[in-house]
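Reading the structure
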Amino acid sequence: MLELKGVVAGYGGFDILHGVNLEVRKGEIVAIVGPNGSGKSTVFKAIYGLIKIRLGDVVFENQNVTSFGTQDLLRAGIAMVPQLSTVFPSMSVYENLELGMYLVKDKAQVKRRINDIMELFPRLAERRAQNAGTLSGGERRALEIGRSLMLNPRMILMDEPSVGLSPILTNNMFLQLQELQKTAGITFLVIEQNARSALKIADRGYVIQRGLVSHTGTGSALLADDEVRRSFLGG
Ligand code: ADP
Ligand code: MG
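My aim in this report is to walk through the structure given alongside it, one point at a time. Note that this is a predicted model, so its numbers are computed, not measured.

**Overview of the nonpolar core**
With 77 residues, the main nonpolar core has Leu 2, Leu 4, Leu 177, Phe 188 and Leu 189 as its most contacted residues. Excluding residues that lie within four positions of it along the chain, Phe 188 makes contacts with Val 24, Glu 28, Ile 29, Val 30, Ile 156, Met 158, Leu 177, Leu 180 and Gln 181.

**Considering the site of ligand 1**
The environment of ligand 1 is formed by Tyr 11, Ile 16, Pro 35, Asn 36, Gly 37, Ser 38, Gly 39, Lys 40, Ser 41, Thr 42 and Lys 45. Asn 36 has a polar side-chain atom sitting 3.2 Å from an oxygen atom of ligand 1. Taking Ser 38, its main chain carries an N or O atom lying 3.2 Å from an oxygen atom of ligand 1. About the coverage of ligand 1: the protein hides 58% of its 560 Å² of free accessible area.

**Remarks on the environment of Asp 15**
Inspection of the secondary structure assignment puts Asp 15 in strand E2 (residues 14-24). Each C-alpha atom, one on Asp 15 and one on Ile 53, is 9.8 Å from the other, the two residues being 38 residues apart in sequence. Look past the residues within four positions of Asp 15 in its chain and what remains in contact with it is Val 8, Ala 9, Gly 10 and Arg 54. Here the side chain of Asp 15 touches Arg 54 through a polar contact of 2.6 Å, side chain to side chain.

**Details of the pattern of salt bridges**
Enumeration over the complete set of coordinates arrives at nine salt bridges. Taking the shortest distance from any N to any O, the salt bridge between Arg 113 and Asp 116 comes out at 3.6 Å. Taken together, the residues Arg 113 and Asp 116, both in helix H4 (residues 107-120) and three residues apart, mark about one turn of the helix. Of the residues examined, Arg 113 reaches a relative accessible area of 16% and is grouped as buried. A relative accessible area of 37% places Asp 116 in the partly exposed class. Note that Arg 141 and Glu 144 form a salt bridge whose closest N and O atoms lie 2.8 Å from each other. Note that Arg 141 and Glu 144 are positioned in helix H6 (residues 137-148) at a spacing of three residues, about one turn of the helix. Each member of the pair, Arg 141 as well as Glu 144, carries the same accessibility label: buried.

**Quick look at the sheet that holds strand E4 (residues 53-60)**
Spatially, the four strands line up as an open sheet ordered E2-E1-E4-E5, and their pairing is antiparallel. Across the chains shown, the open sheet's two edge strands, defined by having one partner strand only, are E2 and strand E5 (63-64). Note: strand E1 (residues 2-11) against E4, six bridges, orientation antiparallel. Pairing of Glu 3 across the sheet is with Val 59, part of E4.

**Things to note about unusual backbone geometry**
Its identity is not glycine, yet Asn 152 carries a phi of approximately 55°, on the positive side. Counting through the fold element by element, Asn 152 comes out in the loop between H6 and strand E7 (155-159). Of note in this structure, Glu 160 is not a glycine but carries a positive phi near 50°. Following the sequence through the fold, Glu 160 ends up in the loop between E7 and helix H7 (167-184).

What counts as what
- Residues numbered from 1 in each chain as written.
- Chains lettered and ligands numbered in written order.
- Predicted model: local features only at pLDDT ≥ 70, side-chain atom pairs only at ≥ 80, totals over all residues.
- Heavy atoms only, no water.
- Core = buried A, V, L, I, M, F, W, Y, C linked by side-chain atoms within 4.5 Å.
- Buried < 20%, exposed > 50% of the residue type's maximum accessible area, 1.4 Å probe, protein only.
- Contact = heavy atoms within 4.5 Å.
- Near = heavy atom within 4 Å.
- Polar contact = N/O pair within 3.5 Å; in protein donor to acceptor, adjacent residues only side chain to side chain.
- Areas by Shrake-Rupley, 256 points an atom, 1.4 Å probe, with all protein chains shown as cover.
- Helix = DSSP H or I, 4+ residues; strand = E, 2+ residues; numbered from the N terminus.
- Salt bridge = Lys/Arg side-chain N within 4 Å of Asp/Glu carboxyl O.
- Pairing = 2+ DSSP bridges.

Shown next as structure tokens:
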């Protein structure tokens, strides 16, 4: 569904990714894990058109999207949830969801879609009129995930969705992704510092070290891999 072929990218002429190859198949949850500073967020930014890809290609559903910007990717069916919180605290939960459909002018369509999302996230429905700033960390993340679903994407790209969440909330959030995978058929590419939790729910994973894929396999195979365990799962 999504393929990176020899992606080289970085900042200001300095390469961080040195030829990253990876593939996400339809319906999978794929995790990208690796030590701090290894280039995980750079992969996210390269796919999502936030930095320029110097060499290599990104292909989504047989379409070359290497030079696509954020809006083009959204229209193509890939939504994103970036690392830093993008919830607008002084706007209501409902208004935050509306923003996820700013590309759509048909109000009735927006309303229907918000109702669908509220069904998926009952906690957001209860708090629809509250300012998003009053939500807990877990509820904010749910709001961001809900908002990324507004344009009905086939794939969601997430950077560190567990940041700021307790271990229990992290677990709940990942279970929610699995639920969306099963019920809505959404494909996920999840970048995570929290390798253990991410690999537990991932169908497959990629370990990135110094801007290159060092290991790949099923989530459980990577969790059991001696070298992966030693280098950053804490033995
Ligand atoms: P990770 O997400 O795996 O922790 P990043 O992809 O954020 O790592 O960073 C990889 C490398 O790129 C790091 O050495 C970091 O300092 C560098 N880097 C990240 N963002 C920028 C930037 N905006 N400008 C210059 N260097 C950056
Ligand atoms: Mg990062």
